[in-house]
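Here is how the chains run, residue by residue.
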Amino acid sequence: MPDSEALAKSHPIRVLIAKPGLDGHDRGAKVVARALRDAGMEVIYAGLRQTPEEIVRAALEEDVDLIGLSILSGAHMALIPRVLTLLKKNKAASIPVFAGGIIPDEDARKLRAAGVRAIFGPGASLEQIVSTAQKLARSAA
Amino acid sequence: MKGARSLPPVARAIVGGDRRALARAITAIENGDPGAGPVLKALFSRARQVPIVGVAGPLGVGKSSLLNLLVGHLRGLGRTVAVIAVDPSSPFSGGSVLGDRIRFEGRADDPGVFFRSMASRGAAGGVAAATLEAARVLAAAGFDIILVETVGSGQVDVAIREIATTRVVVLVPHLGDEVQTLKAGLFEIADVFCVNKTDLPGADSAQRDLADLVAMFPAGSGWVPRIVGTSTTVPRGIAELWEAIQAHESFLDSSGTRRAGERHRLATEIVGLVRDRVGRELTHQLERDADLRRLLDRVVAREIDPRTAAERLRPTVRRQS
Ligand SMILES: Nc1nc2c(ncn2[C@@H]2O[C@H](COP(=O)(O)OP(=O)(O)OP(=O)(O)O)[C@@H](O)[C@H]2O)c(=O)[nH]1
Ligand SMILES: [Mg+2]
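Residues numbered from 1 in each chain as written. Chains lettered and ligands numbered in written order. Predicted model: local features only at pLDDT ≥ 70, side-chain atom pairs only at ≥ 80, totals over all residues. Heavy atoms only, no water.

Quick notes on the overall build of chain A
Where we set the bar: Elements are defined by DSSP. Helices are runs of H or I of four residues or more, strands are runs of E of two residues or more, and each kind is numbered from the N terminus. Atoms considered for the radius of gyration are the C-alpha atoms alone. The globule rule reads 2.2 Å times the number of residues to the power 0.38. For the exposure calls, accessible area comes from a 1.4 Å probe over protein chains only, and a residue counts as buried if that area is under 20% of its type's maximum, exposed if over 50%, partly exposed in between.
Within chain A, the secondary structure is distributed over 6 helices and 5 strands. Reading the secondary structure of chain A in the N-to-C direction produces α-β-α-β-α-β-α-β-α-β-α. What you see for chain A is a C-alpha radius of gyration of 15 Å, in line with the 14 Å of a compact globule of 141 residues. Taken along its principal axes, the extent of the C-alpha atoms in chain A is 55 × 35 × 25 Å. Considering chain A as a whole, with its 141 residues, one finds that 50% of them fall into the buried category.

The following block contains the structure:
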């Protein structure tokens, strides 16, 4: 059947981009969202002030392959592990989570230990972020 | 619940309220995954005919903000609601930023709501190819009302006609150029006009202008489009908006036009499915089938023209029962 060929043509990767917590702006998250779009992904942009519960709910309803979280302050050190815990609780721990922002090495280590798959500091290039996102999404599929 | 056991497992999970299965089924529909077919077939007769409310209108008029408040209103009335919000795919990368969810407030622990963002994936007309079937799966999952937000490109969002039972067209004060938009298509599809942002100046005159326009167009069906003023920042008019939608839904029943509309939509859907399949098969064959390749060669060589070639290719529609 020709259908199988159309299928093989590639399904867009669906990725949720959100910024947990009450503070800050989402400029960085928007730039990343656009870069992922330009790489052919469908980016569900949930925006600012998301609770971990909302983020996980969105990830499940939107059936995303990947979650990207923007971090601006130390408060996120509690919120991001909570996202991972909730994913586990919903049997969705296989959805990879990456994070970006200004993150001290110490915190980055903790986040990785908690299960965050990739962390991008302010020096990371968009190319790096995009190619890592692609790899993570493919590895999860 | 009749015969739930005879359903395929995925369909049974969806009917049973498994949101993960529901979300994955929508993805499968979007991707043209072969697994979606059996689920859709199994669920068709179970999907109650619920109101499917299409919300169309130009970019940034407040469609998502209105849907957010409408969901809150409907939840207050004890109704469950699913939202499909469509945004455009980039014709260049195929990617998309789906931003309607930003306006959607939390409700993280409310199982009576479901929100799904959907990229148009190249479909013209303001909705995606998967939107109708996704709406049907949502109905089968038990949602009382399905709300569909179109892309927001204004005049071309008319495909909502083939999906929605009630079409809401959202506008903002200072219609200006939008009157042109109206004339160009969206006007004919509106069952309800919503003038949003009535907290801004010019709202009264916008509603008057609209009323004049509505009066100029005779309503063929017997339904005269309602005009409702809303503001999502105040907020106001949301209950009235829902009342207007409900009035149209009641009209569909009392006038007997619901069945005719449904019949028309289903006919359009069937034709679309056949067109897609025949198109795919033909495209495939043009590359592989030796005779067809020769036919194409002859067109390329200007020996025959595309119309003549197409006539020779015309597939016959056969009924199999
Ligand atoms: N003043 C005022 N602003 C509003 C109102 N409703 C929405 N807005 C603003 O209008 C902008 C667009 O709102 P959305 O709800 O995203 O509009 P939309 O039609 O869904 O936009 P697209 O999906 O991009 O086409 C936002 O900045 C809202 O805050 C309103 O009633 N009054
Ligand atoms: Mg919107």
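Thoughts on the packing of aromatic side chains
All names here are of chain B. Filter applied, for reference: Classification of ring pairs rests on two measures: the distance between centres of Phe, Tyr or Trp rings, Trp counted by its six-membered ring, which must be within 6.5 Å, and the angle between planes, read as stacked under 30 degrees, edge-to-face over 60 and tilted in between.
The final tally for this structure, using the stated rule, is 4 aromatic pairs over all chains. When the ring of Phe104 is compared with that of Phe115, the centres are 4.5 Å apart and the planes differ by 40°; the resulting orientation is tilted. With Phe104 in the loop between strand S3 (96–98) and strand S4 (113–119) and Phe115 in strand S4, this residue pair connects regions lying 11 residues apart in the sequence. Take Phe104 and Phe115: they sit in the same class, and that class is buried. Each ring, one from Trp223 and one from Phe251, has its centre 5.4 Å from the other, and the planes form 45°; the classification is tilted.

Focus on the coordination of the magnesium ion (ligand 2)
Residue and element names in this part refer to chain B. To keep it simple, the criterion reads: Each metal's donors are the N, O and S atoms within 2.8 Å of it, or within 3.2 Å when it is Na, K or Ca, and because water is not part of the set, sites may look incomplete.
The magnesium ion (ligand 2) binds to the protein through Ser64 (OG), Asp100 (OD) and Glu149 (OE), with metal-donor distances spanning 2.1 Å. Linear spacing of the donor residues for the magnesium ion (ligand 2) on their chain is S-x35-D-x48-E. Of this pair, Ser64 sits in helix H4 (residues 63–76) while Glu149 sits in strand S5 (residues 145–149), placing them 85 residues apart in sequence. As far as the burial class goes, Ser64 and Glu149 line up, both buried.

Regarding the site of ligand 1
Residue and element names in this part refer to chain B. Spelled out, the test is: One heavy atom within 4 Å of a molecule or strand makes the whole residue count as near it. Polar contacts here mean pairs of N or O atoms no more than 3.5 Å apart (in protein, one a potential hydrogen donor and the other a potential acceptor; neighbouring residues in sequence count only if both atoms are side-chain atoms). All accessible areas in this document rest on Shrake-Rupley with a 1.4 Å probe, and a residue is counted as covered only by the protein chains that are shown. Charged means Asp, Glu, Lys or Arg here, nonpolar means Ala, Val, Leu, Ile, Met, Phe, Trp, Tyr, Cys or Pro, and polar covers whatever is left, Gly included.
Neighbouring ligand 1 are 17 residues, the closest being Ser64, Ser65, Arg103, Asp199 and Thr232. Here Asp100 contributes a side-chain N or O atom positioned 3.0 Å from an oxygen atom of ligand 1. With the chains in place, 76% of the 660 Å² that ligand 1 exposes on its own is no longer accessible. Broken down by element, the shell around ligand 1 gets its largest block of residues, 3 residues, from H4. Counted by class, the shell around ligand 1 contains 3 nonpolar, 8 polar and 6 charged residues.

A closer look at the sheet that holds strand S5 (residues 118–120) of chain A
Under the convention used in this document: The pairing criterion for strands is at least two bridges between them, as found by DSSP. Simply put, an axis is a line fit to the C-alpha atoms, just over the touching stretch for a helix, and the angle between two N-to-C directions goes from 0 to 180 degrees. What makes two residues a contact is simply this: any of their non-hydrogen atoms within 4.5 Å.
With respect to topology, 6 strands assemble into an open sheet ordered S5(A)-S4(A)-S3(A)-S1(A)-S2(A)-S3(B), the strand pairing being parallel. Across the chains shown, the open sheet's two edge strands, defined by having one partner strand only, are S5 of chain A together with S3 of chain B. Going from strand to strand, the sheet's axes swing by 20° on average, the running direction of each strand aside. Alignment of strand S2 (residues 42–50) of chain A against S3 of chain B, held across 3 bridges, turns out to be parallel. Bridge assignment links Glu42 of chain A to a residue of S3 of chain B, and that residue is Ser96 of chain B. Along the sheet face, helix H2 (residues 27–38) of chain A touches strand S1 (14–20), S2, strand S3 (66–71) and strand S4 (97–101) of chain A together with S3 of chain B and points at about 170° away from the line of S2 of chain A.

Quick notes on the pairing of S1 of chain A
All names here are of chain A. The element S1 is largely enclosed, with a buried count of 7 among its 7 residues. In S1, alternate side chains face the same way, and those of Arg14, Leu16, Ala18 and Pro20 on one face and Val15, Ile17 and Lys19 on the other are all buried. The pairing of S1 with S2 spans 6 bridges and is classified as parallel. Across the sheet, Ile17 pairs through a bridge with Tyr45, a residue of S2. Relative to S3, S1 is paired through 4 bridges, and the arrangement is parallel.

Brief notes about the pattern of salt bridges
Note the cut-off: Throughout this description, the term salt bridge denotes a Lys or Arg side-chain nitrogen within 4 Å of a carboxyl oxygen of Asp or Glu.
The full count for this structure, using the stated rule, is 22 salt bridges over all chains. Residue Arg101 of chain B is joined to Glu61 of chain A by a salt bridge in which the shortest nitrogen-to-oxygen separation is 3.0 Å. Here Glu61 of chain A lies in helix H3 (residues 52–61) and Arg101 of chain B lies in the loop between S3 and S4, a pairing that spans two chains. Both residues of the pair, Arg101 of chain B and Glu61 of chain A, belong to the buried class. Residues participating in the shared-partner salt-bridge network are Arg14, Glu42, Arg57, Glu61 and Glu62 of chain A together with Glu30, Arg101, Arg116 and Arg121 of chain B.

Thoughts on the domain arrangement of chain B
Residues and elements named next belong to chain B. Heads up, the rule is: Delimitation of the domains relies on an automatic or database domain assignment. Accessible area, probed at 1.4 Å, shrinks when two parts are joined; the buried area is that loss added up over both.
Segmentation of chain B into domains returns domain 1 (1–46), domain 2 (48–255) and domain 3 (263–320). Relative placement of domain 1 and domain 2: their C-alpha centres are 26 Å apart. Contacts between the two partners involve 14 residues from domain 1, matched on the other side by 16 residues from domain 2. Between domain 1 and domain 2 lies a buried interface of about 1500 Å² when both sides are counted; carbon and sulfur atoms form 64% of it. A per-residue breakdown of the area domain 1 buries against domain 2 is headed by Arg19, Ile26 and Glu30, which together make up 38% of the total. Counting every contact that joins domain 1 to domain 2 gives 1 salt bridge. With a shortest N-O distance of 3.0 Å, Arg116 and Glu30 are connected by a salt bridge. Viewed at the interface, domain 2 and domain 1 are joined by 7 residue pairs in polar contact (both at pLDDT 80 or more). Those elements that provide at least two residues to the side of domain 1 that touches domain 2 are helix H1 (9–15), helix H2 (19–31) and helix H3 (36–44). Counting residues per element, the side of domain 1 that touches domain 2 draws most heavily on H2, which supplies 8 residues.

What about the side chain of Ser64 of chain B?
Taking relative accessible area as the criterion, Ser64 of chain B reaches 11% and is therefore assigned buried. Sequence-distant contacts of Ser64 of chain B, that is, excluding residues within four places in its chain, are made with Asp100, Arg103 and Glu149 of chain B.

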